[in-house]
There are 4 protein chains.
Amino acid sequence: MTFTTDQLAQLEKLAIEVPSWAYGNSGTRFRVFGTPGTPRDPWEKIADAAKVHELTGLAPAVALHIPWDKVDDYDALKQHAADLGVKIGTINSNTFQDDEYKFGSLANSDAGVRRRAIDHHLDCIEVMKATGSTDLKIWLADGTNYPGQDDLRARQDHMAEALAEIYAQLGDDQRLVLEYKFFEPAFYHTDVPDWGTSLVQCLALGDKARVCLDTGHHAPGTNIEFIVMQLLRLGRLGSFDFNSRFYADDDLIVGSADPFQLFRIMYECVRGGALDADSGVVFMLDQCHNLELKVPGQIRSVLNVQEMLARALLVDREALGQAQQDHDVLAAHGVFMDAFSTDVRADLAAWRESKGLSADPMAAYAASGYQEKITAERVGGTQAGWGA
Amino acid sequence: MTFTTDQLAQLEKLAIEVPSWAYGNSGTRFRVFGTPGTPRDPWEKIADAAKVHELTGLAPAVALHIPWDKVDDYDALKQHAADLGVKIGTINSNTFQDDEYKFGSLANSDAGVRRRAIDHHLDCIEVMKATGSTDLKIWLADGTNYPGQDDLRARQDHMAEALAEIYAQLGDDQRLVLEYKFFEPAFYHTDVPDWGTSLVQCLALGDKARVCLDTGHHAPGTNIEFIVMQLLRLGRLGSFDFNSRFYADDDLIVGSADPFQLFRIMYECVRGGALDADSGVVFMLDQCHNLELKVPGQIRSVLNVQEMLARALLVDREALGQAQQDHDVLAAHGVFMDAFSTDVRADLAAWRESKGLSADPMAAYAASGYQEKITAERVGGTQAGWGA
Amino acid sequence: MTFTTDQLAQLEKLAIEVPSWAYGNSGTRFRVFGTPGTPRDPWEKIADAAKVHELTGLAPAVALHIPWDKVDDYDALKQHAADLGVKIGTINSNTFQDDEYKFGSLANSDAGVRRRAIDHHLDCIEVMKATGSTDLKIWLADGTNYPGQDDLRARQDHMAEALAEIYAQLGDDQRLVLEYKFFEPAFYHTDVPDWGTSLVQCLALGDKARVCLDTGHHAPGTNIEFIVMQLLRLGRLGSFDFNSRFYADDDLIVGSADPFQLFRIMYECVRGGALDADSGVVFMLDQCHNLELKVPGQIRSVLNVQEMLARALLVDREALGQAQQDHDVLAAHGVFMDAFSTDVRADLAAWRESKGLSADPMAAYAASGYQEKITAERVGGTQAGWGA
Amino acid sequence: MTFTTDQLAQLEKLAIEVPSWAYGNSGTRFRVFGTPGTPRDPWEKIADAAKVHELTGLAPAVALHIPWDKVDDYDALKQHAADLGVKIGTINSNTFQDDEYKFGSLANSDAGVRRRAIDHHLDCIEVMKATGSTDLKIWLADGTNYPGQDDLRARQDHMAEALAEIYAQLGDDQRLVLEYKFFEPAFYHTDVPDWGTSLVQCLALGDKARVCLDTGHHAPGTNIEFIVMQLLRLGRLGSFDFNSRFYADDDLIVGSADPFQLFRIMYECVRGGALDADSGVVFMLDQCHNLELKVPGQIRSVLNVQEMLARALLVDREALGQAQQDHDVLAAHGVFMDAFSTDVRADLAAWRESKGLSADPMAAYAASGYQEKITAERVGGTQAGWGA
């Protein structure tokens, strides 16, 4: 076994929220392709999410998207999740699909539209109460496409005011997590384009407001692990939205485009105590599976995060610290790369088996017959997607 | 009048194809917002396109997208266009919306899918014959999302073979124009990512194959006017797809994001003879109007191209050449910027009036009642969009 | 005259600091080419800077770089500047050229190196007192080239502590301005990579700490005017370092790569009150003239800033506000572009003549014989550059 | 042992040229830091290069840069290399450091400057004859900083003509390799910005002209392995300049920024037969060691290339092909990632020991006393750098 007892204890702490929408259909503006077996409702999405947890032991919570996951009886949904061994996680609001939001929601110059968007968030807080969720995640599609289209500063002030009204309704154990994104669906400017803007909005709100870092939402060349470090240092990292990208917000499987970057991010998590319960950091996926099967796509994703965390834990921090202090660039980089170069898959398989899980969750899924079962059963109805 | 007779003669040559799909609804993967008055069929799209030409004198042709613009009677469609004062331009194929194309079309490893995609292009050639169109434009959504997903080289060979089969069916006065795009909807690799790939495929095909340059399809930092220059130098620039972008393939109104870049592109067109009839260069828009009204969005676009061409024509090429030869950097740049800094709008208004057009086409459109008319009349049916 | 009295009053407020180092030689890692007439010392640099002000009326202050501009008698230097009609502006520290700074300065893990770097800044504060300068600008070359090379978080804390020690020595009327830069000369990470990091460091310091925004120091696709807006909104924009770039920190003449971006930045300055005396915003150039002549390169630069400010002042803000409120995208964008499309050069020439200046400062410089004079006189000695 | 006999045979084929200039000092425009033990002349550089080969068995050739590596007696230099167990590889021309080249070399509008630059290349061909080198590598710093500064198309034609004159002087067993670079030291345009331009220039020259792909010379988001594939497919990949980068042409140790990208590139080399002797592909490093020690920096680099080649060889191409044919995205990606995730270091250590080399070349270098020796001996004289 490559890992020490302490490292294993750290590995044990990893819990990853999976997004309900990853199990629905997704695509690009050019086309959304359907997949046999796609869930038709939140109940089926949660069943799929529970399968991921059952096979990996890594995904005990599932995040909801409102209104996509609206149900009449949240108590029953919560119980449904519990029966399947998972719980409801973050509640994600959605203010980008109604016609009224064409020109923005919380940052819209129209007070009536802002009212509607604020009310939607207050509804989400009700869902949180009903499901036991503690985090309200806000990602805004707000922005403009053309220079001059709207007043950048007035929008920022509108948003601050609206967020304050939402924040005021949070319970003592609830938090608001504000996500930033530098591009898309607005093309000229987005109202929360970077971690700086998210942070200053959070600072104005209070201690229960935190920043959400989506790994796909940065300009080319951005050093993401630096931002992870900075937000942990400031005590304001609320959650991750993990995915990967080659160019834009591609929402690919986390770790599939640049595994070394994921390793560096996980190293900063270890370095900054993000795995500690009191850090308040939620690890979450936010992905699309446009072409590949969705349940095994999610399995692969949580395994990737675990694998890079495992490698990050192998960094010999004492040796690293010494080389850094000596300004021995090659030695320090070498210690870092030694951990990254280590193949931890056999150890993680052993870890899984020690917990009664299959050594190979991907193979276990293929052998489980689950995909065939949902393909056969989920006939008729409307496959879930971003519109529902 | 700022312009010389020669410059006016050059301005006269500008003719811009507008895309039928710009008049339909478009949006992002997050949401496609509808707009009152949106056409329900190709006949209405052509009517809108004709309005743009009527008011600007700049847009005598409209490009079609097959199957979006499929009709039973192309003769009638051609006549409809002629009656409205425009003609049918480039025929654009579409191999990205059927389920069979999930993993590619002409580059797919499945020979059956390639067959289907080839046949679609042969159908498009039939449409060309029926409509009098001379250009078949091929943009492929082909590519992959994950490293290892498919064999990059085999795909390139498949595509070459398929293109050759299509090319062989072109008539003597027909051309194949191959568009490149470095990203989206495929995220890891696209099969025609850059002008180099488009060019080598065209060189393998023959003289009737040309490169299509879409101004939004390049990596950040790419010097687009350099590519314009190079393709003109090689005699292989087939057409432009004009639009503008801040980050990705934003498909915004041409000239709205970086007017100076458009000026530089138009200067290379002037420099390289792209306006001459025998250059074979087709100027075309390829845009989306997600938020703004579509007809005036197109009017604005063709005016922008004309305005930057007009400024480009003002470059004092003799003075420029002298300063360049002297390696007088500031003087040469100054001559270039003098042209760009000149406000040509009054002159272009005068030009329009001299041709019996309104001095201000945007105002003329607003005053025309056309928007109110289509809003009132186009009720019921399904608004056109990328899906139809 | 295109401008109203109010607009003219705004134009009058524009004062741009020029950097002493722009008059020295500069280049790339491949080669620094020399130029005849290049100053050999701070006295000659100030003479060149004064020439720019004499001809444009726009550049009343010159920023110094220490130790490049170290002199024995700062009183005399200050008097020299005053005699030539300019004053000493921002003092820029330099902690990137001594061998001791190979692995960083204020963020170095070595306390002795940090001590040396702090002391250098305290020396700079002495220079400020001697020259009457009120701003200490800190740009740090600190960072690393390889993942693992150093501890990102410890460096951030070291820097915070060091900045606090420097800040504590500022006089009541002195400020600390912290510049950010996302890349170069460190390639993996820089210790102040973005406005967010600069801001959180400033917030920790106190009210006299502000952010410096260098227009060339952002990742591709970054909306810079948004950051200008945000920092003005937060009351933390300390200064601009104007220049332009196509890809990296190219340090080209401001306004030469993307004039429309400069226009948008100047519009946010107008919108956010940056021209008001109490805004505390300093407009400064930070440029290189690798190939072109330096004095006219600077003249051209300050004229470009003025020209884009003038266009920005022409934005019909009432009409713009109305169109924005109506969500009339094309109208709002149109109002914005109308201002940008206006040729203000004749009006600015008239403004200059009204102040007793030449209508055309570039021509006036060429006619002045100054270039010939410095070329003839500045023979022997060592031309100033980044090393001295 | 993880590797099959066939895979080992492929591994045996790897030979990497190291650049003489990597052993000299390098840095940024801000500062070039010196390092104790840096060579003072080509003889010492070759000694350092030979050390890399001695310890790794991977670096049998050293590339020269003319005039940096000019000597009076090339026969003696060649013999010196042979005595140390290496040979002279590619000859790199340099047309960016003389004052005459301020505005370009082969693309300069001044025929006299072009003459001088052509003659320099003819001199390089003489060096090739004298040293037995077969490749002339041309990288041009040519380009402009400002729009309008020069005529893009005329420069392209000048360059084509000059290259033809150089090409005509090549011997039957000599090649011309043309490198492209999209940015720096020219900032607005470079005359060979992309592989497309390099290719069309090579096609115009003839069969002995090939493209050089420097891994650091692409725009953000470029899929480099696609270009590798395409150039191999076209039979025009002449050589690699390996290095890595986070943002620009950072020239960091190959494999240090994105090891997965290097893996993908090496996979395409395997896929496309680049290791076969008749492929004509030369694997070369082109790096800077600004902060780290240079000899071990080079050792680390060649080991990184070998390690990623070894992983690439582990791709189960049969299983991959099957999964690709099945369009099983997750399975195909999984096969690919299995190879990348494998830790091959122990196997490579065993391979080294089987050849009488140290299992750990980095440790062997540290233990060898070589660094101490060159530090002690190389005192006085001028350390080599980019200027000499």
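What counts, and at which threshold
- Residues numbered from 1 in each chain as written.
- Chains lettered and ligands numbered in written order.
- Predicted model: local features only at pLDDT ≥ 70, side-chain atom pairs only at ≥ 80, totals over all residues.
- Heavy atoms only, no water.
- Helix = DSSP H or I, 4+ residues; strand = E, 2+ residues; numbered from the N terminus.
- Rg over C-alpha atoms; globule rule 2.2 N^0.38 Å.
- Buried < 20%, exposed > 50% of the residue type's maximum accessible area, 1.4 Å probe, protein only.
- Areas by Shrake-Rupley, 256 points an atom, 1.4 Å probe, with all protein chains shown as cover.
- Contact = heavy atoms within 4.5 Å.
- Phe/Tyr/Trp six-rings, centres within 6.5 Å; stacked < 30°, edge-to-face > 60°.
- Lys NZ or Arg CZ within 6 Å of the ring centre and 35° of its normal.
- Axes fitted to C-alpha atoms, helices over the stretch in contact; angles between N-to-C directions.
- Parallel < 35°, antiparallel > 145°, perpendicular 65-115°, else oblique.
- Left-handed = near helix turned anticlockwise from the far one by under 90°.
- Least-squares fit on C-alpha atoms with pLDDT ≥ 70 in both.
- Buried area = accessible area lost by both parts, 1.4 Å probe.
- Salt bridge = Lys/Arg side-chain N within 4 Å of Asp/Glu carboxyl O.
- Nonpolar A, V, L, I, M, F, W, Y, C, P; charged D, E, K, R; others polar.
- Polar contact = N/O pair within 3.5 Å; in protein donor to acceptor, adjacent residues only side chain to side chain.
- Expected span 1.5 Å × (residues − 1).
- Pairing = 2+ DSSP bridges.
- Right-handed = clockwise from strand over helix to strand, strands pointing away.

Trainee: Break down the overall build of chain A for me, with residues and values.
Mentor: The helix and strand tally for chain A stands at 14 helices and ten strands. Here chain A has a C-alpha radius of gyration of 21 Å; the compact-globule value for 388 residues is 21 Å, and the two agree. Taking the principal axes of its C-alpha atoms as reference, chain A extends roughly 60 × 55 × 40 Å. Every one of the 388 residues in chain A was classed for burial, and the buried ones make up 69%. For chain A, the exposed surface amounts to about 11,900 Å²; the carbon and sulfur share of it is 48%.

Trainee: Can you explain helix α12 (residues 345–354) of chain C? Please cite residues and give values.
Mentor: Residues and elements named next belong to chain C. All of the buried residues along α12 are Asp-347, Leu-348, Ala-349, Trp-351 and Arg-352. Considering only its buried residues, α12 is in contact with α1 (5–12), α2 (42–56), α9 (294–313) and α13 (361–368). One or two positions beyond α12, positive phi appears at Gly-356, with a value near 80°.

Trainee: I'd like to hear about the packing of aromatic side chains, residue by residue, with values.
Mentor: Where two aromatic rings form a pair, the distance of their centres and the angle of their planes describe that pair. Taken as a whole and judged by the stated rule, the model has 88 aromatic pairs over all chains. Every member of this aromatic cluster is reached through a ring pair, and the members are Phe-260, Phe-263, Tyr-267, Phe-336 and Phe-340 of chain A together with Phe-260, Phe-263, Tyr-267, Phe-336 and Phe-340 of chain D. Note that Arg-264 of chain A overlies the ring of Phe-260 of chain A, its terminal NZ or CZ placed 4.7 Å from the centroid. Cation over ring: Lys-208 of chain B sits above Tyr-167 of chain B, and NZ or CZ is 5.6 Å from the ring centre.

Trainee: Tell me about the packing of α9 of chain C against α13 of chain C, and name the residues and values.
Mentor: Residues and elements named next belong to chain C. Contact geometry for α9 and α13: axes closest at 10 Å, N-to-C directions at 160°. The orientation of α9 with respect to α13, classified from their angle, is roughly antiparallel. Here the hand of the crossing between α9 and α13 comes out right-handed. Mapping the contact onto sequence places Val-295, Pro-296, Ile-299, Arg-300 and Leu-303 in α9 and Pro-361, Met-362 and Tyr-365 in α13.

Trainee: Would you mind going over the relation of the copies chain A and chain C in detail, with residue names and values included?
Mentor: In screw terms, the move from chain A to chain C is a rotation of 180° and a rise of 0.0 Å along the axis, fitting with an RMSD of 0.0 Å. As the rotation angle and translation indicate, the two copies are arranged about a two-fold axis. Of every C-alpha in chain A, the one belonging to Gly-196 of chain A sits nearest the axis of rotation, 2.1 Å from it. Interface overlap between copies: 100% of the residues of chain A at the interface are likewise at the interface in chain C, consistent with a symmetric, same-surface contact.

Trainee: Help me get a handle on the interface of chain B and chain D, residues and values and all.
Mentor: On the chain D side, the residues contacting the 55 residues of chain B number 55 residues. Roughly 4,400 Å² of surface becomes buried between chain B and chain D when both sides are summed, with 60% attributable to carbon and sulfur atoms. Contact with chain D buries area across many residues of chain B, yet Arg-153, Arg-233 and His-327 of chain B alone supply 16% of it, more than any other trio. If you look at where chain B meets chain D, you find four salt bridges. Arg-271 of chain D is the partner of Asp-151 of chain B in a salt bridge, and the nearest nitrogen-oxygen pair spans 2.7 Å. Per-element accounting of the side of chain B that touches chain D gives the leading share, seven residues, to helix α6 (residues 195–205) of chain B. A per-class count over the side of chain B that touches chain D returns 24 nonpolar, 19 polar and twelve charged.

Trainee: Describe unusual backbone geometry, listing the residues and the values that go with them.
Mentor: For the bond from Ile-66 of chain B to Pro-67 of chain B, the omega torsion is 20°, close enough to zero to count as cis. By the element assignment, Pro-67 of chain B lies in the loop between β2 (61–65) and α3 (74–83). Of note in this structure, His-327 of chain D is not a glycine but carries a positive phi near 55°. Inspection of the secondary structure assignment puts His-327 of chain D in the loop between α10 (317–325) and α11 (329–341).

Trainee: Lay out the side chain of Asn-145 of chain A in plain terms, naming residues and giving numbers.
Mentor: Relative to the helices and strands, Asn-145 of chain A resides in the loop between β5 (143–144) and α5 (152–167). Reaching out from Asn-145 of chain A, the side chain makes a polar contact with the backbone nitrogen of Phe-187 of chain A at a distance of 3.0 Å. Dropping the residues within four chain positions of it, Asn-145 of chain A is found in contact with Pro-185, Ala-186, Phe-187 and Tyr-188 of chain A together with Phe-246, Leu-252, Asn-290 and Leu-291 of chain B.

Trainee: Tell me what's going on with helix α5 (residues 152–167) of chain B, and back it up with residues and numbers.
Mentor: Quick reminder: α-helices carry 3.6 residues per turn. Residues three or four places apart thus point the same way. All names here are of chain B. Under the 1.5 Å per step criterion, the end-to-end length of α5 is 22 Å for 16 residues, consistent within 8% with the ideal 22 Å. Among the residues making up α5, those that are buried are Leu-152, Arg-153, Arg-155, Gln-156, His-158, Met-159, Ala-162, Leu-163, Ile-166 and Tyr-167. Its side-chain oxygen 3.0 Å from the backbone nitrogen of Arg-153, Asp-151 forms the N-cap of α5.

Trainee: Run through the relation of the copies chain B and chain D, naming residues and quoting values.
Mentor: Each copy superposes on the other: chain B lies on chain D with an RMSD of 0.0 Å after a rotation of 180° and an axial shift of 0.0 Å. Same-surface contact between copies: 100% of interface residues of chain B are shared with the interface of chain D.

Trainee: Any details on the pairing of strand β8 (residues 209–214) of chain C? Residues and values, ideally.
Mentor: All names here are of chain C. Most of β8 is tucked away, with six of its six residues classed as buried. Of the two faces of β8, both are covered, the one formed by Ala-209, Val-211 and Leu-213 as well as the one formed by Arg-210, Cys-212 and Asp-214. In the sheet, strand β6 (residues 175–179) pairs with β8 via four bridges, with the strands oriented parallel. Bridge assignment links Leu-176 to a residue of β8, and that residue is Ala-209. Across four bridges, the pairing between β8 and strand β9 (residues 237–242) is parallel.

Trainee: Now, about the sheet that holds β8 of chain C: what can you tell me, with residues and values included?
Mentor: The strands that make up a sheet are held in pairs by hydrogen bonds between backbone atoms, and each pair lies either parallel or antiparallel. All names here are of chain C. Spatial ordering of the closed barrel is given by β1-β2-β3-β4-β6-β8-β9-β10, a layout of eight strands whose pairing is parallel. The sheet shows a mean angle of 30° between the axes of neighbouring strands, taken without regard to direction. In this sheet, strand β3 (residues 87–93) lies alongside strand β2 (residues 61–66) in parallel orientation, the contact comprising five bridges. Following the sheet pairing, His-65 is matched in β3 by Asn-92. Set on the sheet, helix α5 (residues 152–167) makes contact with β4 (135–138), β6 and β8; between it and β6 the angle comes to about 150°. Most of the contacts of helix α6 (residues 195–205) go to β8, to which it runs at about 160°, and overall it touches β6 and β8.

Trainee: Please set out the pattern of salt bridges residue by residue, giving values where relevant.
Mentor: Residues and elements named next belong to chain A. Taken as a whole, this structure holds 124 salt bridges over all chains when the rule is applied. A salt bridge links Glu-307 to Arg-311; its shortest N-O distance comes to 3.1 Å. Of this pair, Glu-307 and Arg-311 both sit in helix α9 (residues 294–313), four residues apart, roughly one helical turn. Judged by relative accessible area, which is 12%, Glu-307 ranks as buried.

Trainee: Run through the pairing of strand β9 (residues 237–242) of chain A, naming residues and quoting values.
Mentor: Most of β9 of chain A sits inside the fold, with six of its six residues counted as buried. In this fold, strand β8 (residues 209–214) of chain A hands off to helix α7 (residues 224–233) of chain A, which returns the chain to β9 of chain A; that crossover is right-handed.

Trainee: Explain the packing of helix α3 (residues 74–83) of chain C against helix α4 (residues 111–131) of chain C to me, and be specific about the residues and the numbers.
Mentor: Residue and element names in this part refer to chain C. Where α3 contacts α4, the two axes come as close as 8 Å, and the packing angle between them is 50°. The angle between α3 and α4 falls in the class oblique. At the point where α3 passes α4, the crossing takes the right-handed sense. Across the interface between the two elements, Tyr-74, Asp-75 and Lys-78 from α3 touch Val-127, Ala-130 and Thr-131 from α4. When the residues that make up the contact of α3 with α4 are grouped by side-chain class, the tally is three nonpolar, one polar and two charged.

Trainee: Go over the sheet that holds strand β4 (residues 135–138) of chain D, please, and point to the residues and values.
Mentor: All names here are of chain D. The eight strands lie next to each other as β1-β2-β3-β4-β6-β8-β9-β10, forming a closed barrel whose pairing is parallel. Strand-to-strand twist across the sheet, computed as the mean angle between neighbouring axes with direction ignored, equals 30°. Sheet topology places β4 next to strand β6 (residues 175–179); four bridges connect them, and they run parallel. Opposite Asp-135, over in β6, you have Arg-175 as the bridge partner. The strands that helix α7 (residues 224–233) touches are β8 (209–214) and β9 (237–242); relative to β8, the one it contacts most, it runs at about 165°.

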